[in-house]
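So the chains spell out like this:
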Amino acid sequence: MTPHVDPDPRTGAAVKAADRAHVFHSWSAQGLIDPLAVAGAEGSYFWDYDGNRYLDFTSGLVFTNIGYQHPKVVAAIQEQAGTLATFAPAFAVEARSEAARLIAERTPGDLDKIFFTNGGAEAVENAVRLARLHTGRHKVMSAYRSYHGATSQAINLTGDPRRWASDTGSAGVVRFWAPFLYRSAFYSTTEAEESSRALTHLEDTIAFEGPGTIAAIILETVPGTAGIMTPPPGYLAGVREICDRYGIVLVLDEVMSGFGRTGAWFAADLYGVTPDLMTFAKGVNSGYVPLGGVAISAEIAATFDKRPFPGGLTYSGHPLACAAAVATINVMEDEGIVDHAAHIGSTVLEPGLRDLAARHPSVGEVRGTGVFWALELVKSQETREPLVPYNASGADAAPMAAFGAACKKNGLWPFINMNRTHVVPPCNITEAEAKEGLAVLDEALSVADEYTV
């Protein structure tokens, strides 16, 4: 695949100049960033105005699950715009109804009611509101090494440094340690120990907080930006049992892991666990138009049969977004993309990444499933000291910056967070494209190896 237009550096320079003059970017020191001006994208690739092409191992922000510019989804958005470009959420609209039906068909258990939002953070906000109103309790428990969004409640639930500047300290949030064997907080040596000890820790925390005060436990089924730590066998089932015993609502955050990312429609399917509420966004329509939502159990939905739910959004279930979701889900079904994600993960990515780990001293651990993988980069495999310090910036982050620059120099756009690189390409990436990306990672990891001891 080649860029669809000839290189146009002058236009690229104009785009960059307007961006620098007027766009305020998220999570950034505005004067220290240098955004790439993107000219176009298709499938697993995008390119700039100078004609440089990049294989996208980030899927945007882990949302282009069917790649860029899929013609059937683009056509569906265009058709919907010509038919009914927008309409208020209080009405029944075909695209909205069909999107809800298709999502409900794929969610586990009886999660058959869909409350639409504009993205994942709003989905988390409304899931928490539903849980609190349903239980009459206020506290919500969330894990360290988690990310749930940047709106007020969602950022307070988040367990990484992005929370610190906005943490009110009074939002009714209780944090706990979820399992992560590689950096166990419980001195575990096996997955079974890690699962058992993490569950004991969770139940102890509940006991000291007061079970009758806790509305919900929210967990990313498989944590995303925090490190793609797949939960050990039995952990999620154990959390489900604890929630049932104490009347606590279990919320699974599938904003990043849903819609094929893990090689299943939802990561919960891999663990045989049905939550009471499930949040989603990103892959529901491959990010073509902003959309998120909460899938709601029958019991919680019944709470609001005669009692108004005090929440809503002007653009809830926006027709363009829902039309994109309908088209995306149908494309994923028709093209077997979920099964493909599982296949490419087990036959190409996992063996390829484990081969890299065997040859590069900078790789401490490989973990993941489907097209949802992380490489933990370390200074020493023996001590497991991270390649860069926790939440490093500036000169402290130089080793990861050098690794990232090596990737980009060879045409791969990497997902980098702290001392990790995540391998999260589109779910329909081809075998050849995946191997192309692995080859670039191989060369870039040689740069990371220079910082090991």
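From a predicted model like this one, the values you see are computed outputs, not experimental measurements.

Calculation rules
- Residues numbered from 1 in each chain as written.
- Predicted model: local features only at pLDDT ≥ 70, side-chain atom pairs only at ≥ 80, totals over all residues.
- Heavy atoms only, no water.
- Phe/Tyr/Trp six-rings, centres within 6.5 Å; stacked < 30°, edge-to-face > 60°.
- Helix = DSSP H or I, 4+ residues; strand = E, 2+ residues; numbered from the N terminus.
- Buried < 20%, exposed > 50% of the residue type's maximum accessible area, 1.4 Å probe, protein only.
- Pairing = 2+ DSSP bridges.
- Axes fitted to C-alpha atoms, helices over the stretch in contact; angles between N-to-C directions.
- Left-handed = near helix turned anticlockwise from the far one by under 90°.
- Contact = heavy atoms within 4.5 Å.
- Nonpolar A, V, L, I, M, F, W, Y, C, P; charged D, E, K, R; others polar.

In this structure the tally under the stated criterion is 11 aromatic pairs. Where Tyr54 meets Trp413, the ring centres are 5.2 Å apart and the plane angle is 85 degrees; that geometry is what we call edge-to-face. Placement of Tyr54 in strand E3 (residues 53-56) and of Trp413 in strand E13 (residues 412-413) is noted, with a sequence separation of 359 residues between them. Assessed through its relative accessible area of 23%, Trp413 is described here as partly exposed. Ring geometry for Phe87 against Phe91: centres 5.0 Å apart, planes inclined by 85 degrees, an arrangement best described as edge-to-face. The exposure class of Phe87 is partly exposed, given its relative accessible area of 38%. One aromatic cluster in this structure is built from Phe259, Trp265, Phe266 and Phe280.

This paragraph deals with the sheet that holds strand E7 (residues 214-220). Strand order in the open sheet formed by 7 strands is E4-E10-E9-E8-E7-E5-E6, with mixed pairing between adjacent strands. The outermost strands of the open sheet, each flanked by one partner alone, are strand E4 (113-117) and strand E6 (173-176). Taken over all neighbouring pairs, the strand axes of this sheet differ in orientation by 20 degrees on average, direction set aside. Relative to strand E9 (residues 277-280), strand E8 (residues 249-253) runs parallel, the two sharing 3 bridges. Its bridge partner lying in E9, Asp253 is registered against Thr279.

Let us look at the packing of helix H3 (residues 71-84) against helix H11 (residues 319-334). Running from N to C, H3 and H11 cross one another at 145 degrees; their axes reach a closest spacing of 8 Å. In terms of crossing hand, the pair formed by H3 and H11 is right-handed. Contacts from Lys72, Val73, Ala76, Ile77, Gln80, Ala81 and Leu84 of H3 reach H11 at Pro319, Leu320, Ala323, Ala324, Ala327, Thr328 and Val331. Partitioned by chemical class, the residues of the contact of H3 with H11 number 11 nonpolar, 2 polar and 1 charged.

Here the focus is the sheet that holds strand E12 (residues 372-377). The sheet built from 4 strands is open, its strands ordered E11-E12-E15-E14 with antiparallel pairing. Looking at strand neighbours, the two that pair on one side only are strand E11 (363-369) and strand E14 (415-417), the edges of this open sheet. Along the sheet, successive strands turn relative to each other by an average axial angle of 20 degrees, direction set aside. One ladder, built from 6 bridges, connects E11 with E12; its direction is antiparallel. Residue pairing for E12: Gly368 is matched across the bridge by Trp373. Across the face of the sheet, helix H12 (residues 337-359) comes into contact with E11, E12 and strand E15 (420-423) while running at roughly 5 degrees to E12.

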